[in-house]
Amino acid sequence: MTQSIALSSATDSSVTLSASASLAGRVLLSAIFVLSGISKVSAPAGMIGYIESVGLPFPTLALAIAILVEVVGGIALILGYRTRLVAAGLALFSVATALAFHNELADQSQFIHFFKNIAMAGGLLQVAAFGAGRFSLDARRT
């Protein structure tokens, strides 16, 4: 009986640690999106110019979409709301921005930014595959 209680306690600790790590991971992944979206709101003219400089059409619309994806997607990921869908969308967004804005791989800074986006997409795909965990709005819905 004592062994059963010890195993139960160890399992509970493991589940809590896993749920806590999942929440921390979502917060850390989301931080760059939320902060980036807010920075775009505070300096839209510069961002529109940057979007134009890479040749994307409809730069004002592209900026509005980027802000929406980054801020709303980042907050949804933190809260664990529709986490798998949001994480997959943010992963796709990360790859698209890497390809559109950081494709000059001979430039060391662009090289780093490109692979940062690719690494973020990898982390987000892990969230998409395994879900939000216990500390999320998704867990409350099931």
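Residues numbered from 1 in each chain as written. Predicted model: local features only at pLDDT ≥ 70, side-chain atom pairs only at ≥ 80, totals over all residues. Heavy atoms only, no water.

- For the protein, the name recorded in an unreviewed UniProt entry is DoxX family protein, with Azotobacter chroococcum as its organism.
- Under Subcellular location (unreviewed entry), UniProt gives the following word-for-word description of the protein: "Cell membrane". (UniProt positions renumbered as here; feature names shortened; annotations may be inferred.)

**Quick look at the overall build of the protein**
Thinking step 1. In terms of helices and strands, the protein carries six helices and zero strands.
Thinking step 2. Going residue by residue from the N terminus, the α and β elements of the protein occur as α-α-α-α-α-α.
Thinking step 3. Compactness check: the protein gives a C-alpha radius of gyration of 19 Å against a globular reference of 14 Å for 142 residues, more than 25% above the reference.
Thinking step 4. With the C-alpha coordinates of the protein rotated into their principal frame, the extents come out at 70 × 35 × 20 Å.
Thinking step 5. Expressed as a percentage of the 142 residues in the protein, the buried residues total 31%.
Thinking step 6. When contacts within the protein are restricted to residue pairs at least 6 apart in sequence, those whose partners lie at least 24 apart make up 70%.
Thinking step 7. For the protein, the exposed surface amounts to about 8500 Å²; the carbon and sulfur share of it is 72%.
Thinking step 8. For the protein, the distance from the average site of its 8 positive side-chain charges to the average site of its 6 negative ones is 15 Å. (Helix = DSSP H or I, 4+ residues; strand = E, 2+ residues; numbered from the N terminus. Rg over C-alpha atoms; globule rule 2.2 N^0.38 Å. Buried < 20%, exposed > 50% of the residue type's maximum accessible area, 1.4 Å probe, protein only. Contact = heavy atoms within 4.5 Å. Areas by Shrake-Rupley, 256 points an atom, 1.4 Å probe, with all protein chains shown as cover. Lys, Arg positive; Asp, Glu negative; His and termini not counted. Charge placed at Lys NZ, Arg CZ, Asp CG, Glu CD.)

**A look at a nonpolar patch on the surface**
Thinking step 1. Where nonpolar side chains cluster on the molecular surface, the patch consists of Val95, Leu99, Leu105, Phe111, Ile112, Phe115 and Ile118 and spans about 570 Å² of accessible area.
Thinking step 2. Counting only elements with at least two residues in the nonpolar patch, the list comes to helix 4 (83–101) and helix 5 (108–130).
Thinking step 3. In this fold, Ile118 is placed in helix 5. (Patch = residues over 30% accessible without salt bridge, like charges linked within 9 Å, V, L, I, M, F, W, Y side chains within 5 Å. Salt bridge = Lys/Arg side-chain N within 4 Å of Asp/Glu carboxyl O.)

**Here we look at the layout of surface pockets**
Thinking step 1. Computed from the structure, the largest pocket encloses a volume of approximately 520 Å³.
Thinking step 2. Considering the residues around the largest pocket, the lining is formed by 24 residues, among which Lys40, Glu70, Phe93, Thr97 and Phe101 are closest to the centre.
Thinking step 3. Those elements that provide at least two residues to the lining of the largest pocket are helix 1 (2–42), helix 2 (44–53), helix 3 (59–79), helix 4 and helix 5.
Thinking step 4. With six residues, the single largest contributor to the lining of the largest pocket is helix 4.
Thinking step 5. By residue class, the composition of the lining of the largest pocket is 15 nonpolar, six polar and three charged. (1 Å grid on protein atoms, 1.4 Å probe; cavity = no way out; pocket = protein on both sides within 12 Å on 5 of 7 lines; lining within 4 Å. Points joined across faces, edges and corners; volume = space filled by probe spheres on them. Nonpolar A, V, L, I, M, F, W, Y, C, P; charged D, E, K, R; others polar.)

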